[in-house]
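Architecture and fold: a report
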Amino acid sequence: MRPGARAPTAPAPPVTEPTLNAARPPRERAELLEWMSGLLRTEYGERPLVPRRAPMHELISTILSQRTTHQDEEAAYQELLTLGDWDAIIEAPTEAVAHAIRRSNYPESKAPRIQATLRAIREQRGGYDLDFLAELPVKDALKWLTDLPGVGVKTASLVLLFNYARPVFPVDTHVHRINTRVGTIPRMGEQAAHRALLTLLPPDPPHLYELHVNLLRHGQRVCTWTRPKCPACVLRERCDAFAVYGNNVPSFSEKPAKS
Ligand code: SF4
């Protein structure tokens, strides 16, 4: 080298963006879910799997709960029962059912769905005892429930897990939002998230129940739909949304982003 000439500098290493969780392989996202479960257990405590209400109550209340607060759902359920037993609710004018459940959102569409669901159960089972679901293979039990006119996969999963300790994982709006933001699943709809999350979780009903309930709490208190409280969140160190947006995580959109 000539005297005074500068030594050649090594080329700068390429800048690599950290891989977001949502793009990682299933094994790593399963581990992330385990990590989340442990932290949420520490935060909110152990949650033993004990049925909170009878199977038919769970089924009908979950239909009422869609887009409705817990308080209004319970009020609607209690007023629905003033129409009489399940047979009487089937026979009641649909407008009367809609009026009874008016504290729930969309009573006009829920009333005929509830009546159709009750009617289908009675026709198929000769009554309203759902305990046969405890013995059916999980796949068949899910199919039986989701074949009912007013029952989707979330409602079916709640009944099967909460009442019969079957290994399914209900995905409500809180479960969906937190898992999407953290990146345990890529962006997808709530329905698809049931299957995607279940394949990452151990088939252990008490574990599934505890995670579901603790995610619900976390979604109500910290990872809220709008203005999530990231600085107070125990999950932030491995959260995709926090990695991208910092303390300005945007409001959650249920719809998958358009590509
Ligand atoms: S860090 Fe923020 S966006 Fe991520 S899970 Fe926590 S509250 Fe939600």
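All values derive from a computational prediction rather than experimental measurement.

Observations regarding the packing of helix α2 (residues 55-65) against helix α6 (residues 107-125)
Relative orientation of the contacting elements α2 and α6 amounts to 155 degrees, with a least axis distance of 10 Å. As far as their axial angle goes, α6 and α2 are roughly antiparallel. Judged by the twist between their axes, the crossing of α2 over α6 is right-handed. Contacts from M56, L59, I60, I63, L64 and S65 of α2 reach α6 at K110, R113, I114, T117, L118 and I121.

As for the pattern of salt bridges
According to the stated counting rule, one finds 11 salt bridges in the structure shown. Measuring nitrogen to oxygen at the nearest pair gives 3.2 Å for the salt bridge that ties E28 to R24. Residue class for E28 comes out partly exposed when judged on its relative accessible area of 28%. Accessibility expressed as a relative area gives 30% for R24, which makes it partly exposed.

Some points on the side chain of S104
Position of S104 among the secondary structure elements: in the loop between α5 (94-100) and α6. For S104, the side chain forms a polar contact with the side chain of K110, separated by 2.8 Å. With residues near it in sequence (within four places) discarded, S104 still touches L64, T68, D72, A76 and K110.

Details of the domain arrangement of the chain
The assigned domain composition of the chain is domain 1 (22-48 + 169-245) and domain 2 (55-164). Taken over C-alpha atoms, the centre of domain 1 sits 27 Å from the centre of domain 2. Counting residues at the interface gives 11 residues for domain 1, matched by six residues for domain 2. Here domain 1 packs against domain 2, burying approximately 690 Å² in sum over the two surfaces, 82% of which is carbon and sulfur. Considering only the surface of domain 1 that becomes buried against domain 2, P170, H194 and Y209 emerge as the three largest contributors, covering 57% of it. Where domain 1 packs against domain 2, one counts zero salt bridges. Secondary-structure elements contributing two or more residues to the side of domain 1 that touches domain 2 are α10 (190-198) and α11 (205-221).

Some words on empty space enclosed by the protein
All chains considered together, the criterion is met by one cavity of 30 Å³ or more. In this model, the largest cavity occupies a volume close to 90 Å³. Taken together, 15 residues form the lining of the largest cavity, with C223, P228, C230, C233 and C239 sitting closest to its centre. When residues in the lining of the largest cavity are grouped by element, the largest group, three residues, is from helix α9 (residues 173-182). Residues that form the lining of the largest cavity fall into these classes: 11 nonpolar, one polar and three charged.

Here's the deal with the UniProt feature "domain: HhH-GPD" (unreviewed entry) in the chain
Following the UniProt record, the feature "domain: HhH-GPD" (unreviewed entry) maps to residues 64-221 here. Taken end to end, residues 64-221 has its terminal C-alpha atoms 22 Å apart, with 65% of it in helix and 0% in strand.

Let's talk about the site of the ligand
Within the structure, the ligand sits among R181, V182, C223, P228, C230, C233, R236, C239 and F242. Of the pockets mapped on this structure, the ligand occupies the largest cavity. Along the lines of polarity and charge, the residues of the shell around the ligand split into seven nonpolar, no polar and two charged.

Calculation rules
Residues numbered from 1 in each chain as written. Predicted model: local features only at pLDDT ≥ 70, side-chain atom pairs only at ≥ 80, totals over all residues. Heavy atoms only, no water. Axes fitted to C-alpha atoms, helices over the stretch in contact; angles between N-to-C directions. Helix = DSSP H or I, 4+ residues; strand = E, 2+ residues; numbered from the N terminus. Parallel < 35°, antiparallel > 145°, perpendicular 65-115°, else oblique. Left-handed = near helix turned anticlockwise from the far one by under 90°. Contact = heavy atoms within 4.5 Å. Salt bridge = Lys/Arg side-chain N within 4 Å of Asp/Glu carboxyl O. Buried < 20%, exposed > 50% of the residue type's maximum accessible area, 1.4 Å probe, protein only. Polar contact = N/O pair within 3.5 Å; in protein donor to acceptor, adjacent residues only side chain to side chain. Domains from an automatic or database assignment. Buried area = accessible area lost by both parts, 1.4 Å probe. 1 Å grid on protein atoms, 1.4 Å probe; cavity = no way out; pocket = protein on both sides within 12 Å on 5 of 7 lines; lining within 4 Å. Points joined across faces, edges and corners; volume = space filled by probe spheres on them. Nonpolar A, V, L, I, M, F, W, Y, C, P; charged D, E, K, R; others polar. UniProt positions renumbered as here; feature names shortened; annotations may be inferred. Near = heavy atom within 4 Å. Sits in = over half its atoms within 2 Å of the grid points.

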